[in-house]
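Below are the chains, spelled out letter by letter.
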Amino acid sequence: MTKQLCLGGFMRPICLHTAWWRHPEAPADANFNWPVIKSLAQKLERACFDAIFTADHLALMPMPPEALKRSATVTSFDPLMMLSAIAACTDRIGLIATGSTSYEDPYLLARRFASLDHLSNGRAGWNIVTTVNPEAALNFGLETALRHAQRYERADEFFEVVTKLWDGWSDNALKMDKESGVFSDIERIRPINHKGKYFSVKGPLNIARPVQGWPVVALAGASEGARQMAAKSADLVFGNARSIETGRSFYQDMKSRAVAFGRNPDHIKILPANQVYVGHTRAEAIAKKRSMDDLVHVESNIPNLSIRLGVDCSKFDPNKLLPELPVTEQGQGNQREWVALARREKLTVRELAKRAAESGTGEMVGTPSEIADQMEEWLMTGACDGFIIVFHTVPDGYDDFVTMVVPELQRRGLMRTEYTGNTLRENIGLPRPNSPLDN
């Protein structure tokens, strides 16, 4: 059987391209227009995508007002609320929401994701983030954000608490025996009595064990801390490789780290993000990209680059090559990837900033056959297990991929034509964790 791609559709914000909302056919309010969101989710399910992925921001993006006023990221739904609504109008597609380990409470997060898993009949996923935006700290009673190493130390304990809570219920805890009058076997519902550096949680949860045992766990990032945590704990790793060579290096590194933790490397899936422009001809695809990029206002460029690099780029000479940068306390892996791109293509600060304002992800441009060729090469040569597909605008970006690329991938056997499982874990080939109470 041909190896198949695992595909997730990036849906919050609804698109990542800075100017998506300016496209002539785009409903500018799509980030918070429920009928539009519902139709797109159902479209991705009909195309047999594995999952919808929803990012999150806990503060406005740290941009100067001139750039922020041009960004559609200022308003969108809470991802768990949005995915709960999507769960009610879909049947098989996975539902992955971001949850911050720096500003959330592990008990509440474990309860909410268990709830989503039950409401969706086993389709929930938790994307772990440590939240790099320093503005978020100010919304949670803190004066500064946690330093990089501290964020990942806290995240590791946070994950331990959440999974202990999910495992604190046996799969057989609920008896619901009308004749005896026994609703649950209390011996199969245990407190966790966790006391650590960051958290003290007695437990147990007041909701039954998730349908999947644990919701699927995803993690994005390329810093050392992110890689180690992902290799130890994640089912899905969201990357941002901008070349196939970088993708192969990241893929091999993550699989090797997973093996070092005693894991089966097939049980950790590497999914880089890629924004796709597809046309009936290559010239048409290129024209779509140029048209979108021309809609990006110049005031968005440098602020977006500053976010990618974690440093203030307004002080740099825009006509010179990128200078040496200090290590950031924000997205260290993201910074390395962008610096590598600048060095590799000898881009000036101005040229790099324009790239940053477009979407910030890898890109594929071409005909359906050319896009499928690229995806097949990445999959078959050890650069990925699939992709997070980023759509350049709505509805055109979604429609183009679903009507042109998906049929070509299915024709080659690289993508399913129907769902074979009921849960997200089943559909992406991941085992279901057993509760220690059932061993």
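Residues numbered from 1 in each chain as written. Predicted model: local features only at pLDDT ≥ 70, side-chain atom pairs only at ≥ 80, totals over all residues. Heavy atoms only, no water.

(A) Just the pattern of salt bridges, in detail. One pass over the full model with this rule turns up 29 salt bridges. Taking the shortest distance from any N to any O, the salt bridge between Asp171 and Arg209 comes out at 3.2 Å. Note that Asp171 is positioned in the loop between helix H6 (148-167) and strand S5 (174-177) and Arg209 in the loop between strand S8 (200-201) and strand S9 (216-220), a separation of 38 residues in sequence. Accessibility expressed as a relative area gives 5% for Arg209, which makes it buried. For Arg412, the salt bridge goes to Asp373, with nearest N and O atoms at 2.7 Å. Of the two residues, Arg412 is situated in the loop between helix H14 (396-411) and helix H15 (424-427) and Asp373 in helix H13 (residues 368-380); the sequence distance between them amounts to 39 residues. Taking the relative accessible area as the measure of exposure, Asp373 reaches 39% and is therefore partly exposed. Salt bridges sharing partners connect three or more residues here, namely Asp373, Glu376, Glu408, Arg411 and Arg412. (Salt bridge = Lys/Arg side-chain N within 4 Å of Asp/Glu carboxyl O. Helix = DSSP H or I, 4+ residues; strand = E, 2+ residues; numbered from the N terminus. Buried < 20%, exposed > 50% of the residue type's maximum accessible area, 1.4 Å probe, protein only.)

(B) Molecular detail of the pairing of strand S4 (residues 124-129). Counting buried residues in S4 gives five out of six residues, a clear majority hidden from the surface. Sheet topology note: the strand S3 (residues 94-100)/S4 ladder contains six bridges and is parallel. Among the inter-strand pairings, Leu95 is bridged to a residue of S4, identified as Ala124. Once the chain exits S3 it traverses helix H4 (residues 106-119) before rejoining the sheet at S4, and the crossover so formed is right-handed. (Pairing = 2+ DSSP bridges. Right-handed = clockwise from strand over helix to strand, strands pointing away.)

(C) The arrangement of the nonpolar core in detail. Within the largest apolar cluster, 92 residues are counted, with the highest numbers of intra-cluster contacts made by Ile14, Phe49, Met375, Val394, Phe401 and Leu409. Here this core takes eight residues from H6, the largest share from any one element. Not counting residues up to four positions away in its chain, the partners in contact with Leu409 are Leu5, Leu7, Ala372, Met375, Phe401, Leu414 and Met415. If you look at the next biggest cluster of nonpolar residues, it comprises 17 residues, including Cys6, Ala218, Ala273 and Ile428. (Core = buried A, V, L, I, M, F, W, Y, C linked by side-chain atoms within 4.5 Å. Contact = heavy atoms within 4.5 Å.)

(D) Here's a closer look at the packing of helix H1 (residues 34-46) against H14. Where H1 contacts H14, the two axes come as close as 10 Å, and the packing angle between them is 15°. Taken together, the axes of H1 and H14 lie roughly parallel to each other. Note on packing geometry: the crossing formed by H1 with H14 is left-handed. Residue-level contacts link Leu40, Lys43 and Leu44 of H1 to Tyr398, Asp399 and Val402 of H14. Of the residues contributing to the contact of H1 with H14, the split by class is four nonpolar, no polar and two charged. (Axes fitted to C-alpha atoms, helices over the stretch in contact; angles between N-to-C directions. Parallel < 35°, antiparallel > 145°, perpendicular 65-115°, else oblique. Left-handed = near helix turned anticlockwise from the far one by under 90°. Nonpolar A, V, L, I, M, F, W, Y, C, P; charged D, E, K, R; others polar.)

So far we have only geometry, and geometry alone does not tell us how the molecule works.
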